[in-house]
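Spelled out, the chains give:
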Amino acid sequence: MKKIASYLLLFIMAFALVTGCGKKDEAPKKQDEDPKVEDKLEDSTEKNQDGIVFSNIRIEKKGATSYVRGNVENKTKAVDSFKVQLIMSNKETERVYGRVDTEIKDLAVNEKRDFEVSIMGDYGSVNNFEVKIVRE
């Protein structure tokens, strides 16, 4: 009986070795066929908006979230508060796919701050983004 069990165990081990049983298959690495979001989007942000100057604006996608980051500087003659609004759209169809904002409070004269606006969703039809200030 021991002999049969030994042969059976030897057969199972040989079968596992030959077929690759127990070997963890790595998923094939998917090549990016589509261009990255940041590569295909046009930035139509007006850099100077009533004395508020935008610079270093960039967009990147991580998972289902797109992040727009940049700098904003107050070139007016007074302390200013406003919202920085991100608009994701398609220029050809003139359709807006997303709109989100963040608040900048008490930006002093000649002060420069970083800002970040994030938005979630699939923006496969989007070809344009714009950052603008909104005052209430």
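See the structure printed just above.
Residues numbered from 1 in each chain as written. Predicted model: local features only at pLDDT ≥ 70, side-chain atom pairs only at ≥ 80, totals over all residues. Heavy atoms only, no water.

> Before we move on, could you go through the side chain of Asn127 and cite the residues and values that matter?
Structurally, the position occupied by Asn127 is in the loop between strand 7 (112-120) and strand 8 (128-134). Exposure remark for Asn127: the relative accessible area of 19% places this residue in the buried category. For Asn127, the side chain forms a polar contact with the side chain of Glu92, separated by 2.3 Å. Excluding residues that lie within four positions of it along the chain, Asn127 makes contacts with Lys40, Leu41, Glu42, Ser89, Asn90, Lys91 and Glu92. (Helix = DSSP H or I, 4+ residues; strand = E, 2+ residues; numbered from the N terminus. Buried < 20%, exposed > 50% of the residue type's maximum accessible area, 1.4 Å probe, protein only. Polar contact = N/O pair within 3.5 Å; in protein donor to acceptor, adjacent residues only side chain to side chain. Contact = heavy atoms within 4.5 Å.)

> Can you break down the packing of aromatic side chains residue by residue, with the values?
Counting across every chain of the model gives 1 aromatic pair. Pairing Phe54 with Phe115 gives two aromatic rings, centres 5.7 Å apart and planes at 85 degrees, and the pair type is edge-to-face. Here the residue Phe54 occupies a position in strand 3 (residues 52-62), and Phe115 occupies one in strand 7, the gap between them amounting to 61 residues. (Phe/Tyr/Trp six-rings, centres within 6.5 Å; stacked < 30°, edge-to-face > 60°.)

> Can you tell me about unusual backbone geometry, naming the residues and giving the values?
Its identity as a non-glycine residue notwithstanding, Asp50 has a phi of 55 degrees, on the positive side. Note that Asp50 resides in the loop between strand 2 (48-49) and strand 3. The class for Asp50 is exposed, based on a relative accessible area of 62%. Even without a glycine there, the phi angle at Asp106 is positive, about 50 degrees. In this fold, Asp106 is placed in strand 6 (residues 95-107). Under the relative-accessibility criterion, Asp106 is labelled exposed at 53%.

> Could you give an account of the pattern of salt bridges, with specific residues and numbers?
Under the definition given, this model contains 7 salt bridges. Between Lys47 and Asp43 there is a salt bridge whose closest N-O contact spans 3.2 Å. Glu60 serves as the salt-bridge partner of Lys62, at 3.6 Å between the closest nitrogen and oxygen. Since its relative accessible area comes to 28%, Glu60 is described here as partly exposed. Where salt bridges share partners, they join Glu60, Lys62, Arg69 and Glu116 into one cluster. (Salt bridge = Lys/Arg side-chain N within 4 Å of Asp/Glu carboxyl O.)

> Which residues make up the side chain of Asn90, and what are the values?
Structurally, Asn90 is set in strand 5 (residues 80-90). Among the polar contacts listed, one links the side chain of Asn90 to the backbone nitrogen of Thr93, at a separation of 3.1 Å. Excluding residues that lie within four positions of it along the chain, Asn90 makes contacts with Arg95, Tyr97, Ser125 and Asn127.

> Please provide a residue-by-residue account of the nonpolar core, values included.
General note: in soluble globular proteins, nonpolar side chains tend to be found buried as a group. Within the largest apolar cluster, 21 residues are counted, with the highest numbers of intra-cluster contacts made by Phe54, Met88, Phe115, Phe129 and Val131. Where this core is concerned, the elements lending two or more residues are strand 3, strand 4 (65-74), strand 5, strand 6, strand 7 and strand 8. Once residues lying within four places of it in the same chain are set aside, the contact partners of Val131 are Thr45, Gln49, Phe54, Ile57, Val68, Val84, Gln85, Leu86 and Phe115. (Core = buried A, V, L, I, M, F, W, Y, C linked by side-chain atoms within 4.5 Å.)

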